[in-house]
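# Chains, contacts and geometry: an overview
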Amino acid sequence: MTTADTLNQRFSSGRQLGFREVNGLAVAEIDTPLASASLCLQGAHLMTWRPQAQAEPVVWLSKLAKLAPGKSIRGGVPVCWPWFGPHATDAKLPAHGFARTVPWELSEARVLGDGAVELALTLPGSEPTRALWPHRTRAELRLTIGATLTAALTTVNEDDHPIVIGEALHTYFHIGDIGAARVRGLEDCAYLDKVDGGARKRQDGAITFAGETDRIYLDTDAECIIDDERLRRRIRVAKTGSRSTVVWTPWTEKADKMGDFGPDGWRGMLCVESANAAENTVTIAPGERHTLAVEYRVENF
Ligand code: TA6
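All residue numbers refer to positions counted from 1 along the written sequence of the respective chain. Per-residue local features are limited, in this predicted model, to residues with pLDDT of at least 70; the limit for side-chain atom pairs, both in listing and counting, is 80 or more; totals at the level of whole chains, interfaces and linings are taken over all residues. The side-chain quantities take in all heavy atoms of the structure and omit both hydrogens and water.

## Points about the pattern of salt bridges
Rules: The salt bridge definition used is simple: a Lys or Arg side-chain nitrogen within 4 Å of an Asp or Glu carboxyl oxygen. In this description a helix means any DSSP run of H or I spanning at least four residues, a strand means any run of E spanning at least two, and both kinds are numbered starting from the N terminus.
Using the criterion set out here, one finds 26 salt bridges in the structure. Glu299 is paired through a salt bridge with Arg236; the nearest N and O atoms lie 2.7 Å apart. Placement of the pair is Glu299 in strand β23 (residues 289-300) and Arg236 in strand β19 (residues 233-240), with a sequence separation of 63 residues. When salt bridges with common partners are traced through the structure, they connect Arg182, Arg184, Glu223, Asp227, Arg234, Arg236 and Glu299 into a single cluster.

Spelled out as structure tokens, the structure:
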């Protein structure tokens, strides 16, 4: 019996929630009157989300995205944990931590009374990851998938010493065209400009895009709004437990180098990532927990 068979036995709910295998990885498929979505259990990686009221997906997935054991997926909501970006001391370790490329366990899956689907996944400590992260910690991701999308990433410190984590819900949003999009909410916010050697700058007005943009906005709990002139909609990114917001478009050269955006795919995506990164890493005392949570809401205009 495959993992998907076991998951279907335990959790499937008619046509609204089912599981299938893709290249040996279990994938949850959701199709309700509120939304369609898909999630790969490896990485607890939400890959797609489209509220039924939206003709176009809200969470972007590359047409060249591949599902393969141990490999990250281009698009969706990668879970960056327990560090963000390059490892602080060991450049050989994977960027953005290991959580997004290891199997998570599905602990809960149900259709709620309001029609949304709730999923809860956990990443227990394990031998392979202990070599990368020698601390007893558990990560949990709880998602509510409906006309809006909420995601809550909780870290539990089960060890006898404080731990320091960096993290992000590294969300790829689908937009009509990067040249006709802007981000509001980060005006006057300090940021590290990763395309200018990490220089510390201050945001002047709304963020617009005319080239590779890779910025870590610091000390901000602001709600961000993505204004999409082409699709005539805005996406609200509200967050708690997050002090950094990362804004990233690879633009053409970096996307070509990365090789998995598909032809001009980069024009249809924008990352607005709710994070705790750079000087905003989080210290969790023994026995304590910390949650980074987001809510995504779409409005047409
Ligand atoms: O969050 C932006 C970023 O750190 C970029 O610098 C780029 O590396 C991006 O993440 C994607 O990283 P990935 O490891 O998923 O290819």
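## Things to note about the sheet that holds strand β2 (residues 25-31)
Put simply, the test is: At least two DSSP bridges between two strands are required for those strands to pair. Fitted lines through C-alpha atoms serve as axes, helices being fitted only where they are in contact, and the angles separating the N-to-C directions of these axes extend from 0 to 180 degrees. In this description, contact between two residues means that some pair of their heavy atoms is separated by no more than 4.5 Å.
The four strands lie next to each other as β1-β2-β3-β4, forming an open sheet whose pairing is antiparallel. Sheet topology places β1 (17-22) and β4 (45-51) at the edges, where each strand pairs with a single neighbour. Along the sheet, successive strands turn relative to each other by an average axial angle of 15°, direction set aside. With six bridges joining them, β1 and β2 adopt antiparallel strand pairing. Bridge pairing in β2 places Glu21 opposite Ala26. With respect to the sheet, helix α1 (residues 3-11) is in contact with β1 and β2, its orientation differing from that of β1 by roughly 175°.

## Brief notes about the nonpolar core
As a reminder of what qualifies: Take the buried residues of types Ala, Val, Leu, Ile, Met, Phe, Trp, Tyr and Cys, join any two whose side-chain atoms come within 4.5 Å, and each joined set is a nonpolar core. To sort residues, take the accessible area from a 1.4 Å probe on protein chains only and compare it with the maximum for the residue type: under 20% means buried, over 50% means exposed, and anything in between is partly exposed.
Core analysis: the biggest nonpolar cluster contains 76 residues, and Trp49, Trp81, Trp104 and Leu119 have the highest contact counts within it. Not counting the four nearest positions on each side in its chain, Leu119 is found in contact with Leu17, Ile30, Leu39, Leu106, Glu108, Ala109, Leu141, Arg142, Leu143 and Ile145. Counting residues in each nonpolar core, the second largest holds nine residues, with Cys80, Leu192, Ala275 and Ala277 among its members.

## Section: the pairing of β23
The pairing of strand β9 (residues 149-157) with β23 spans eight bridges and is classified as antiparallel. Among the inter-strand pairings, Thr150 is bridged to a residue of β23, identified as Glu295. Judged from the eight bridges that link them, β19 and β23 form a sheet pairing that is antiparallel. Looking at β23, one finds that Arg236 is bridged to Arg297.

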